[in-house]
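Descriptive structure summary
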Amino acid sequence: MTQTMTLEQVMNQQIANWNVLYTKLHRFHWYVKGPHFFTLHAKFEELYEEAAGTIDELAERLLITGGMPISTLKEYIQYALIEETSENLSAEEMVQTIVNDFSQIISELKSGKEAAQQVNDEVTGDMFTELIEKISKHNWMLTSFLQA
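Residues numbered from 1 in each chain as written. Predicted model: local features only at pLDDT ≥ 70, side-chain atom pairs only at ≥ 80, totals over all residues. Heavy atoms only, no water.

This next bit is on the overall build of the protein chain. A count of helical and extended segments in the protein chain gives 5 helices and 0 strands. Helices and strands appear in the protein chain in the N-to-C order α-α-α-α-α. Its C-alpha atoms put the protein chain at 50 × 30 × 25 Å along the principal axes. Burial analysis of the protein chain (148 residues in total) assigns 45% to the buried set. Surface exposure of the protein chain reaches about 8,300 Å², of which carbon and sulfur atoms provide 52%. (Helix = DSSP H or I, 4+ residues; strand = E, 2+ residues; numbered from the N terminus. Buried < 20%, exposed > 50% of the residue type's maximum accessible area, 1.4 Å probe, protein only. Areas by Shrake-Rupley, 256 points an atom, 1.4 Å probe, with all protein chains shown as cover.)

Compared with the 40 Å implied by 1.5 Å per residue over 28 residues, the 40 Å span of helix α2 (residues 37-64) between its first and last C-alpha is a close match. Within the sequence span of α2, burial applies to L40, K43, F44, L47, Y48, A51, T54, I55, L58, A59, R61 and L62. On its buried face, α2 sits against α1 (7-31), α4 (91-118) and α5 (122-146). Phi for G66, located one or two positions after α2, is positive at around 90°. (Expected span 1.5 Å × (residues − 1). Contact = heavy atoms within 4.5 Å.)

Moving on, we get to the nonpolar core. With 44 residues, the main nonpolar core has W18, L25, F44, I98, F102 and I135 as its most contacted residues. Contributing elements (two or more residues each) for this core: α1, α2, α4 and α5. The leading source of residues in this core is α4, at 11 residues. Sequence-distant contacts of F44, that is, excluding residues within four places in its chain, are made with L25, F28, H29, V32, M94, V95 and I98. (Core = buried A, V, L, I, M, F, W, Y, C linked by side-chain atoms within 4.5 Å.)

This is how it looks when you write it as structure tokens:
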């Protein structure tokens, strides 16, 4: 994210990221294999369901503030900094990919908090803080899984 992005642009970038992440998590849910199948199959489902809720919360907040959330697949791909994954990955590679994506999103949300502060939007800033807290916990758990 650059310094010149408006809060609406920041929020739309998050909507785009979360939509790409939702699809990636759903794909991982379907394609995970190996000894951790049952654990990761359920975890990926939990995470994509949570991602769907996050998308809705971000879009509704943007509408409340007078913005217009992006809403097409073309826009999601265009604006997301999270990339699609089409290759076949091992279970561990899938988890590492999600850790990397969550780390990227955390960094963007921290910048987004600054954008919200600049326009005195405490509610959106608080939303970003809550997301950072939630994603940080997921990253800690997923990183712990990788250390097994």
